[in-house]
Amino acid sequence: MLSPTTDDRDAARATVLPLDCSLEDLNKLFTRTGSESDEEFAKRLDEYGVHALKSRSIEPRDPVGVTSISEIAIFASLAALRIEFADPLQSTHYLKNFPENSSERRMMRYPLRHHPGLSIFVRDILNHYISNVLYAFRNLLPERLQKEVVAVLCAPDPEGRQSEPTSPARTYIESQNSKSSHRGKYADRIKIRQDGFEVPFTYATARCLVEPPTDQIHFPEGEELHYLRNRRDSLLIPGDVVYTKLVEYAWHGWYRLVHSVYNSISQEHIDRLIDSTPRISTEIKEHLDYRRPYRSFIPYYGATTSNPLRKPGTRDPISRPDKRLITIADTIRWSDTLAFGEHIRTSDLFNEVCRFYPSPDRPSNDLSSLGSLESALEQSQDDRITVVGDREKTYCTVPKPIPTPFFTTFSNLPWDTYRHLLAEQTRYDLKASEKISPFLPSQKRPSTTKQYTGDWNHSEQQAVSSTYKFSTVHAVEPLNNIHNFQSLTADEVLLLTRIGLGMERQIRSYSLLNSMKSFEKRENGEPLDVDLNKLEERGLLIRHYQEGDLRQKYYSVPWTVRDQLSIPNISHDGWGERGTSERTIHRLGIDLLASLFALRPDVDKVVRYSDVWRLQPSFCWEEIRQLKDKRMDVVGFSQGAPKCGGEVETMSGDAAGTKSTVEKLSQFPSELDRYLVTPNGTHLSTLMARLSDSEYFGEKFNDSIKGNYRPSKVRNKLDSYGILGREFDYLLTYDNIRGELPSSPTSTIDLDEIVGTI
């Protein structure tokens, strides 16, 4: 283990060799602080960011604003996060030139975050980190530490047997050789020569070689590297080969640093970084304004559309992503069958678009027809996005974005796989010829292995299809300053935040299938200091477990309050309603019904909040085409074909809404099992009264029930009138569904079948 908080050399090791440290040590690196104030730190970070955004290469350079080697890693990671979440066009006239709910406005909010992969700006930070690492290695590291770094990169002890893709060999961890042994043994192994670094030939393995330059990693030394030379019992590795190895390593190291910070830092912290570094915002805004779009985004998923509702006479110089093209790029990132840079039949691409449900962090999907998809491709500004062919067979080519570190963690992280493949290289000795090519044979290059490329593809799928704000209920923190809420205690703000995030399904370990009772307690079991009556009287909270509403404790936080808490409303299909008024009681019904569908043996995929247009092409499309602008609460599929669908209806709506819900179900063909779900008999009585009073069933159906709203008797009456099987097939309450589910549904049901989070 390292001590980067107290030992300068350990801090340098963690900064230059982040793939060889434990995650715990990297976290320690980010707690390394001096005596300066937050304001002074932010000022230097601002200076660093502006300088990095003006960089164009990875030529070694002294980092501006940095006062220690450890800050090379700290600033590169924080600046990348700060820039990824930048919102430089907020409240500008560029935004106000477009209608309030237009796609242009939405894509100008957090434009870098919305664009697939890394924007040029974040890529600048990556390149700046690499250049700073090269500079530190050449100019700042003491000689013995420099030799130690070369040994770790090119001539370590054999590592293959102690390495796994998910748990790769790392030089500085407890279970392997101690730090002190490397400090001496590795440094003594290397000799610095005028033309490079000399190692004993007994350590001459494939680890001494490098991959040829790629389109993602550009080396300062170029493609022409010097040959390695055999000098009797030693091997001379030219300096340019070692520097190239360090560049390749640092490229992956930066991804690990940024990914680990992204998964541990709070949104509140990111917001503070943005607010305290205004010069970076100005620099980004100036780049987005009046510059060629390729300076901001490569590739550029922007289009030449012109909104007729834009204020007349206004210019539109801003480079921003196009919502439709982002959907196309994200669909390819997500797909197992489509690939960037290859000819894709547009009809096949549209079929994948129908099956792709982006995460809440991505723009929602609105390519509702093949024509709208082809129109978006034809209007693209990047000439590498091509469309060829005729009406019968149209093909497109879409350029590949750079991989991103901004996704939730999973087991096989690509930089861990890369580090494992480095360990595997120590298994292959070099032949003792006089001259040895510096380049790895193709079969030993990490970039050519299925495991490495597959892990990067998995990371891209993760980036576009799943996200969480917090891992557990007790990990939740307020997303903005609690002092913004006058007369509320810190615990009351925390409770409202927990409820709001739980409603939006943004807590990884919490399911709406479970009570919100745990939200009222601290991790040690003690109750929070909250006054529920006060919160309810002030309209900040709605209780659902009173008056026979629900048996378990559930709450809702109104949208206006969630907005004040900085909790975004998730309106994506697969994740949430289009509107903002959906309460917890309705969300619970949808998750219950989704879980019920997931239990069916004939269902392999369940989609909540599914836009009906996604059902094209399917056997029932012609019968439901008129519903293409509608959304179904839950749909179950079998091998892409819809098998069942359902709607959840509560008494909080009105008679027109209830009638519309039943009409929607009735228009689906009888080949689908159609479900109408309501919380309990109390809600059912209101719904049936509405349908009866409007004579929707052709008569005063409500009178024949005579006030007895036991769901089973209502089902019998509906069946006797021929309504079941005609308007819908099943009428269920929440208790009916819970009775069908296993006692621990979240551990028994295959939740991977359900789009979004349960």
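Keep in mind the model is a prediction, meaning the values are calculated, not measured. (Residues numbered from 1 in each chain as written. Predicted model: local features only at pLDDT ≥ 70, side-chain atom pairs only at ≥ 80, totals over all residues. Heavy atoms only, no water.)

## Considerations on the sheet that holds strand E1 (residues 191–193)
So, point 1. Spatial strand order, E1-E2-E4-E3-E8: five strands in an open sheet with antiparallel pairing. Strands at the two margins of the open sheet, each flanked by one partner only, are E1 and strand E8 (435–436). (Pairing = 2+ DSSP bridges. Helix = DSSP H or I, 4+ residues; strand = E, 2+ residues; numbered from the N terminus.)

## Looking at the packing of aromatic side chains
So, point 1. Under the criterion given, the structure shown has 21 aromatic pairs.
So, point 2. Ring geometry for Trp251 against Trp456: centres 5.9 Å apart, planes inclined by 65°, an arrangement best described as edge-to-face. Note that Trp251 is positioned in helix H11 (residues 239–262) and Trp456 in helix H18 (residues 450–465), a separation of 205 residues in sequence. Assigned by exposure class, Trp251 and Trp456 land together as buried.
So, point 3. Three or more aromatic residues joined by ring pairs make a cluster, and in this case those are Trp251, Trp254, Tyr255, Phe407, Phe410, Trp415, Tyr452 and Trp456.
So, point 4. Here the guanidinium or amino end of Lys444 rests over the ring plane of Tyr428, the centre of that ring lying 4.6 Å away.
So, point 5. Across the ring face of Tyr357, the terminal group of Arg614 is positioned such that the distance to the ring centre comes to 3.9 Å. (Phe/Tyr/Trp six-rings, centres within 6.5 Å; stacked < 30°, edge-to-face > 60°. Buried < 20%, exposed > 50% of the residue type's maximum accessible area, 1.4 Å probe, protein only. Lys NZ or Arg CZ within 6 Å of the ring centre and 35° of its normal.)

## Here we look at the side chain of Glu198
So, point 1. As for its position among the elements, Glu198 is in strand E2 (residues 196–200).
So, point 2. The residues touching Glu198, leaving out its near neighbours within four places in the chain, are Arg189, Ile190, Lys191, Arg193, Arg231, Ser234, Leu235 and Leu236. (Contact = heavy atoms within 4.5 Å.)

## Description of the nonpolar core
So, point 1. Formed by 110 residues in total, the largest nonpolar core has its most connected members in Leu235 and Trp254.
So, point 2. Apart from the residues within four sequence positions on either side, Leu235 is in contact with Phe197, Glu198, Val199, Phe201, Ala204, Cys208, Leu228, Arg229, Asn230, Leu430 and Ile436. (Core = buried A, V, L, I, M, F, W, Y, C linked by side-chain atoms within 4.5 Å.)

## A short note on the environment of Leu724
So, point 1. Tracing the chain through its elements places Leu724 in the loop between helix H27 (711–720) and strand E15 (730–733).
So, point 2. Distance from Leu724 to Ser22, taken between C-alpha atoms, is 61 Å for residues 702 residues apart in sequence.
So, point 3. Those residues in contact with Leu724 that lie beyond four places of it in its chain are Arg715, Leu718, Asp719, Asp729 and Tyr730.

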